[in-house]
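Summary of structural features
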Amino acid sequence: MGSFLAARATTHKAASLSMRLVAIGQAHRLAGHRLDAGHPAIRETMKGIRRTHGTAPTKKDAAVADVIRDAVGVLAKRHGLRALRDRALLLVGFAAALRRSELERFPA
């Protein structure tokens, strides 16, 4: 498995290889086989790929009050439950300083 990952390290990003590793592990489980993704050969190969080919995540600026006020103002002009929900999510997210991933956990 380590050689599979290493062979594709020049053509795929580390995140893509991680997703492929998960998919391969799932296929193994469905076939009744065991794939230990924490095996040192796999773990060290992925660590080396991330170190060599990885990219630092880009940080985004936090939303400022003016941007939130404008977005809520636009949503206030719309009618319906979806617009009301979106306004509430924006306001709660801003007030609680939540990340987008934390807001996504709210039920739709």
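Preceding this paragraph is the structure being described.
A brief report on the enclosed structure follows.

What follows concerns the nonpolar core. One finds L5, A9, A14, L17, L21, I42, M46 and I49 forming the largest nonpolar core, which totals eight residues. Elements that contribute at least two residues to this core include exactly α2 (14-30) and α3 (40-53). Residues in contact with L5, not counting those within four places in the same chain, are L17, I42, T45, M46 and I49.

The next point concerns the environment of A7. In this fold, A7 is placed in helix α1 (residues 2-7). Each C-alpha atom of the pair A7 and R51 lies 16 Å from the other, and the pair is 44 residues apart in sequence.

The subject of this paragraph is the environment of R82. Tracing the chain through its elements places R82 in helix α5 (residues 81-95). A relative accessible area of 64% places R82 in the exposed class.

Interaxial distance between helix α4 (residues 65-76) and α5 falls to 9 Å at its minimum, and their mutual angle equals 165°. Judged by the inter-axis angle, α4 sits roughly antiparallel to α5. Read as a crossing pair, α4 and α5 show a hand that is left-handed. Seen from α4, the contacting residues are A65, I68, A71, V72, L75 and A76; seen from α5, they are A83, D86, R87, L90, L91 and F94. Residue composition of the contact of α4 with α5, grouped by class: 10 nonpolar, no polar and two charged.

On to α5, then. With 15 residues, α5 should reach 21 Å at 1.5 Å per residue; the first-to-last C-alpha distance of 21 Å fits that figure. Phi turns positive, to about 55°, at A97, one or two residues after α5.

Conventions and cut-offs
- Along each chain, numbering runs from 1 in the same order as the chain's sequence is written.
- Selection of residues for local features in this predicted model requires a pLDDT of at least 70, selection of side-chain atom pairs for listing and counting requires 80 or more, and totals for whole chains, interfaces and linings are taken over all residues.
- With hydrogens and water set aside, each side-chain value is computed from the structure's full complement of heavy atoms.
- In this text, buried Ala, Val, Leu, Ile, Met, Phe, Trp, Tyr and Cys residues form a nonpolar core when linked through side-chain atoms within 4.5 Å.
- Think of it in three bands: with a 1.4 Å probe and only protein chains considered, a residue is buried below 20% of the maximum accessible area for its type, exposed above 50%, and partly exposed in between.
- Only runs of H or I of at least four residues qualify as helices and only runs of E of at least two qualify as strands under DSSP, and these elements are numbered from the N terminus.
- We call two residues contacting when some pair of their heavy atoms lies within 4.5 Å.
- Comment: axis = line fitted to C-alpha atoms, over the contacting stretch for helices; angle = value between 0 and 180 degrees taken between N-to-C directions.
- Each angle is binned into one of four classes, with values under 35 degrees roughly parallel, values over 145 roughly antiparallel, values of 65 to 115 roughly perpendicular, and all other values oblique.
- Crossing handedness is defined as follows: a turn of the near helix away from the far one that is anticlockwise and smaller than a right angle gives a left-handed crossing, while the clockwise case is right-handed.
- In this count, Pro and Cys sit with the nonpolar residues alongside Ala, Val, Leu, Ile, Met, Phe, Trp and Tyr, while Asp, Glu, Lys and Arg are called charged and the others, Gly among them, polar.
- To estimate the expected span of a helix, count its residues, drop one, and scale the result by 1.5 Å.

Take it as geometry only, folks, not as evidence of what the structure does.
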